[in-house]
Amino acid sequence: RKNDGNKTGMVMCLNMINDFFVLIGYESGDLCLFNLQEEAFKATIKGHADSILAIDFAEYKILNDSNSEETLAKRVSYRGFSGGADKLLVVYQLNAFTGELREKKKLEIACKGIADIKIRRLSVFEATKVKYQIVLCACWDGRVRIFGFKKVQLLACLAYHDGSVYNLCLPRPDSEDQSNGESAGKTFEKGLFVSAGKDGRIA
């Protein structure tokens, strides 16, 4: 469905976070929240001065103590991150019950360009495991920058590429390890992920 509001340009990236919401990053730097059931845009934030190229959101906390399986997806607060053609890593908060999307903070990194963002997950639903999460950013200067999920502090800057890093990939936390029948999430104890970019190298 087309955004009929301001001129936002092309859709540059998408992030579907549950059965209700999809986040859309535009060429204009706008981040829009779209409700799939209502088929309506619920919120728009101008997070960047240039194109948004990457988005990822993850469960942050449960909004109340309800154990109802039918309503749990609506009772979660999400923390999210976006990056793009500028020097910013933008942090957001989304209330899945009200559909409220807020910008929490902006961090300036050392170079222009974040091409991909991935939040490392330990399980399919991890609202009580925030302390184990990290955020990986693929940057145009050939670095993979790693931030803490909760405090959003730079933890490491990895230099394994000679050109821009464009893609990041991690094991699926809900898949099964065929070799021993255990959850593939166990591999996160080893910190495994892969990156690739302009130099044709896979790290």
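Rules and cut-offs
- Residues numbered from 1 in each chain as written.
- Predicted model: local features only at pLDDT ≥ 70, side-chain atom pairs only at ≥ 80, totals over all residues.
- Heavy atoms only, no water.
- Core = buried A, V, L, I, M, F, W, Y, C linked by side-chain atoms within 4.5 Å.
- Buried < 20%, exposed > 50% of the residue type's maximum accessible area, 1.4 Å probe, protein only.
- Helix = DSSP H or I, 4+ residues; strand = E, 2+ residues; numbered from the N terminus.
- Contact = heavy atoms within 4.5 Å.
- Pairing = 2+ DSSP bridges.
- Axes fitted to C-alpha atoms, helices over the stretch in contact; angles between N-to-C directions.
- Salt bridge = Lys/Arg side-chain N within 4 Å of Asp/Glu carboxyl O.
- Phe/Tyr/Trp six-rings, centres within 6.5 Å; stacked < 30°, edge-to-face > 60°.
- Lys NZ or Arg CZ within 6 Å of the ring centre and 35° of its normal.

Visitor: How do you make sense of the nonpolar core when you look at a structure like this?
Guide: Taken as a class, soluble globular proteins show a tendency for nonpolar side chains to be buried jointly. In this structure, Leu23, Leu31, Phe57 and Leu101 are the most contacted members of the largest nonpolar core, which totals 20 residues. Contributions of two or more residues to this core are made by strand 2 (21-26), strand 3 (30-35), strand 4 (40-46), strand 5 (52-62), strand 6 (76-84) and strand 7 (88-95). Discounting chain neighbours no more than four positions away, the residues touching leucine 31 are Leu23, Ile24, Gly25, Ala43, Thr44, Ile45, Ile52, Ile55, Phe57, Tyr92 and Leu101. Membership of the second largest hydrophobic core comes to 18 residues, among which are Cys111, Ile117, Val135 and Phe149.

Visitor: I keep staring at the sheet that holds strand 8 (residues 100-108) and nothing clicks. Help me out?
Guide: Backbone hydrogen bonds are what pair the strands of a sheet, in a parallel or an antiparallel way. With respect to topology, four strands assemble into an open sheet ordered 5-6-7-8, the strand pairing being antiparallel. The open sheet has two edge strands, strand 5 and strand 8, and neither has a second partner. Here the strands of the sheet are splayed against their neighbours by 20° on average, with no regard to which way each runs. Note: strand 7 against strand 8, eight bridges, orientation antiparallel. Across the sheet, residue valine 91 finds its bridge partner in strand 8, namely lysine 105.

Visitor: Where do I start with the environment of valine 90 in this structure?
Guide: Take valine 90: it is sitting in strand 7. When the C-alpha positions of valine 90 and leucine 107 are compared, they lie 6.3 Å apart, and in sequence the two are 17 residues distant. Those residues in contact with valine 90 that lie beyond four places of it in its chain are Gly47, His48, Gly80, Phe81, Ser82, Glu103, Lys105 and Lys106.

Visitor: Where do I start with the pattern of salt bridges in this structure?
Guide: Two side chains that carry opposite charge are able to pair once their charged atoms sit near each other. In total, this model carries five salt bridges according to the counting rule given. Among the salt bridges present, the one from arginine 102 reaches glutamate 100, with a minimum N-O distance of 3.9 Å. Judged by its relative accessible area of 39%, arginine 102 is partly exposed. In this structure, arginine 201 and aspartate 162 form a salt bridge, with 3.0 Å as the shortest nitrogen-oxygen distance. Of the two residues, arginine 201 sits in the segment after strand 14 (194-197) while aspartate 162 sits in the loop between strand 12 (154-158) and strand 13 (165-169), which places them 39 residues apart along the sequence.

Visitor: Help me understand the sheet that holds strand 9 (residues 114-119) in this model?
Guide: If you walk across this open sheet you meet the four strands as 9-10-11-12, and the pairing is antiparallel. In this open sheet, the two edge strands, each paired with only one partner strand, are strand 9 and strand 12. On average, each strand axis in the sheet is tilted by 20° relative to the strand beside it, whichever way the strands run. Bridge count for strand 10 (residues 134-139) against strand 11 (residues 144-148) is five bridges, and the pairing is antiparallel. Bridge pairing in strand 11 links leucine 136 to isoleucine 146.

Visitor: Explain the packing of aromatic side chains to me, please; I cannot follow it from the model alone.
Guide: Each aromatic ring pair is summarised here by two numbers: the centre-to-centre distance and the angle between the ring planes. For the coordinates displayed, the defined rule picks out four aromatic pairs. Between tyrosine 60 and phenylalanine 149, the aromatic rings sit 6.1 Å apart at their centres with planes inclined by 55°, giving tilted as the arrangement. Residue tyrosine 60 is found in strand 5, and its partner phenylalanine 149 is found in the loop between strand 11 and strand 12; the two are separated by 89 residues along the sequence. Assessed through its relative accessible area of 17%, tyrosine 60 is described here as buried. Under the relative-accessibility criterion, phenylalanine 149 is labelled buried at 0%. An aromatic cluster is defined as three or more aromatic residues linked by ring pairs; in this entry it consists of Tyr60, Phe81 and Phe149. Taking the ring centre of tyrosine 60 as reference, the NZ or CZ of arginine 79 above it sits at 4.6 Å.

Read these as spatial facts, not as claims about activity.
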